[in-house]
Amino acid sequence: MKHEYYLSVMIQIPDTEKGTRIMRLTPARCNIWVVTRNDRTIIVDTGISFDRSRIEHALERKGLIPEAVILTHTHFDHAGNAAWLQAEYGAEVVVQEAESAMLATGDMPIPNGTYTFTRGLVGIGRKMQPVFRYDPCVAEHVFTDQFDLNRFGINGFIIHTPGHSPGGATVVIDDEIAIAGDSVIGTMPGSPFPPFADDVPLLLTSWKKIIGTGCRSFLPGHGKQVSREEMINEYEKRK
Ligand SMILES: [Zn+2]
């Protein structure tokens, strides 16, 4: 059944108090977040090319057309459909300055492991580096410290949160929900600290910033959402 490959669902998390809807498009190689308010839509992170038909299917069923694509960073599993969404829907791509050049080449080095087993995985991964290439994309918007999302009808902003990668970014919606990319992980039992990071001390500085947004919920690059309490507990252990 060919059609099965196209099946995807959008799992809705509770709307923010101001009425912004956030949905997780799944299955996909990373968490793809569709954020929508008053018929205006943005997408945060994009998966790999294999996820393309699922994205198309999910958007079509909901009648949503993304105006913007926000990249929390440009690793292959997050940036793989940026160029396609730009071409297909006319979505404007937003990326932090430190990774705009890598996005434009479609070649982003993978980060260091932060646990023993992930350090081993990185060794294997780096030998397969060409596999991690993706369609290059020239972003319409390149920001340094902060980027306002109101131009796309979304009450929110993006902040620079490096550490997992140099151009790491966190999207803050209605001062309530933070979409943190791989700065936060929801797949490891007992810890939301990511298993891969270029620079751990820098990432901890970014964690302080992410917690400092006052958000109550944190949406990771992979896995399930993380509570404010879990973030603070982990930060206190590591700082
Ligand atoms: Zn990553």
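Residues numbered from 1 in each chain as written. Predicted model: local features only at pLDDT ≥ 70, side-chain atom pairs only at ≥ 80, totals over all residues. Heavy atoms only, no water.

Observations regarding the coordination of the zinc ion
Okay, so step 1: In this structure, His 73 (NE2), His 75 (ND1), His 164 (NE2) and Asp 182 (OD) serve as the protein donors to the zinc ion, at separations of 2.2 to 2.3 Å.
Okay, so step 2: Each of the four donor atoms bound to the zinc ion contributes to angles spanning 89 to 176°, and the resulting shape is irregular.
Okay, so step 3: Counting gaps between the donor residues of the zinc ion yields the pattern H-x1-H-x88-H-x17-D. With His 164 in the loop between β9 (156–160) and β10 (169–173) and Asp 182 in the loop between β11 (177–181) and α6 (200–212), this residue pair connects regions lying 18 residues apart in the sequence. Across the pair, exposure class does not vary: His 164 and Asp 182 are buried alike. (Donors = N, O, S within 2.8 Å, 3.2 Å for Na, K, Ca; no water. Tetrahedral: all angles 85-135°; square planar, octahedral: opposite > 155°, others 65-115°. Helix = DSSP H or I, 4+ residues; strand = E, 2+ residues; numbered from the N terminus. Buried < 20%, exposed > 50% of the residue type's maximum accessible area, 1.4 Å probe, protein only.)

Overview of the environment of Leu 59
Okay, so step 1: Looking at where Leu 59 falls in the secondary structure, it is placed in helix α1 (residues 52–62).
Okay, so step 2: Once residues lying within four places of it in the same chain are set aside, the contact partners of Leu 59 are Ile 43, Leu 64, Pro 66 and Tyr 89. (Contact = heavy atoms within 4.5 Å.)

Comments concerning the pairing of strand β12 (residues 217–220)
Okay, so step 1: The alternating pattern of β12 places Ser 217 and Leu 219 on one face and Phe 218 and Pro 220 on the opposite face, and all of these are buried.
Okay, so step 2: Sheet analysis places β11 next to β12, joined by four bridges and oriented parallel. Directly across from Ala 178, in β12, lies its bridge partner Phe 218.
Okay, so step 3: For the segment spanning β11, α6 and β12, crossover handedness is right-handed.
Okay, so step 4: Counted along the chain from β12 to the antiparallel partner strand β13 (residues 226–227), the turn is five residues long, and its residue Gly 223 has a positive phi close to 90°. (Pairing = 2+ DSSP bridges. Right-handed = clockwise from strand over helix to strand, strands pointing away.)

Quick word on helix α4 (residues 97–105)
Okay, so step 1: For α4, every residue scored as buried is listed here: Glu 99, Met 102 and Leu 103. In an axial view of α4, the angular spread of the buried residues amounts to 105°, which keeps them on one side of the axis.
Okay, so step 2: Those residues of α4 that are buried lie in contact with α2 (76–79) and β6 (92–96).
Okay, so step 3: Two or three places before Ala 98, at the opening of α4, Gln 96 has a side-chain oxygen 2.7 Å from that residue's backbone nitrogen.
Okay, so step 4: Positive phi appears at Gly 106, one or two residues downstream of α4, with a value of about 70°. (Arc of directions from axis to C-beta. Polar contact = N/O pair within 3.5 Å; in protein donor to acceptor, adjacent residues only side chain to side chain.)

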